Amino acid sequence: MFVYGIKTKVKTKCTNKDVIKTLRKDVDNFIIAETLEELNSKIAEIKTDDTDSKKEANKSVSKMNKEELIAVATELCIDAESLTGLTNKEIIALINKAKAE
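Rules and cut-offs
- Residues numbered from 1 in each chain as written.
- Predicted model: local features only at pLDDT ≥ 70, side-chain atom pairs only at ≥ 80, totals over all residues.
- Heavy atoms only, no water.
- Pairing = 2+ DSSP bridges.
- Helix = DSSP H or I, 4+ residues; strand = E, 2+ residues; numbered from the N terminus.
- Axes fitted to C-alpha atoms, helices over the stretch in contact; angles between N-to-C directions.
- Core = buried A, V, L, I, M, F, W, Y, C linked by side-chain atoms within 4.5 Å.
- Buried < 20%, exposed > 50% of the residue type's maximum accessible area, 1.4 Å probe, protein only.
- Contact = heavy atoms within 4.5 Å.

Explain the sheet that holds strand β3 (residues 30-33) here, please?
Ordered by their spatial adjacency, three strands build an open sheet running β2-β1-β3, and the pairing between neighbours is antiparallel. With partners counted over all chains shown, the strands left at the sheet margins are β2 (10-13) and β3, one partner each. Neighbour-to-neighbour, the strand axes of this sheet turn through a mean angle of 20 degrees, independent of strand direction.

Below, the structure written as structure tokens:
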């Protein structure tokens, strides 16, 4: 079995069944696979997911379309139904005001 520490970014081979059993329960910190190739593919999936979420998080509100703006606004507890008749500039103003508070 091969183990990858997500926080430490260390790959290692593990033969101790008790350790493997314990690490399988800690899915937030470790990835376990039978082969090194399988482990590498799982690691690649995680890196792809992280890259996609970072790109979305760094996107400026001024470059978002109306649906994305409404999604951001609802995350900030702004009622989505009240946003439907507003322009993008008005929604951006509400988002900036909510972030400032």
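I keep staring at the nonpolar core and nothing clicks. Help me out?
One broad trend across soluble globular proteins is that nonpolar side chains are buried collectively. V61, M64, L69, V72, A73, I78, L83, I91, I92 and I95 together form the largest nonpolar core, which totals 10 residues. Those elements that provide at least two residues to this core are α3 (66-75) and α4 (88-100). Beyond its immediate chain neighbours, meaning those up to four positions away, I95 contacts V61, L69, V72, A73, L76 and I78.

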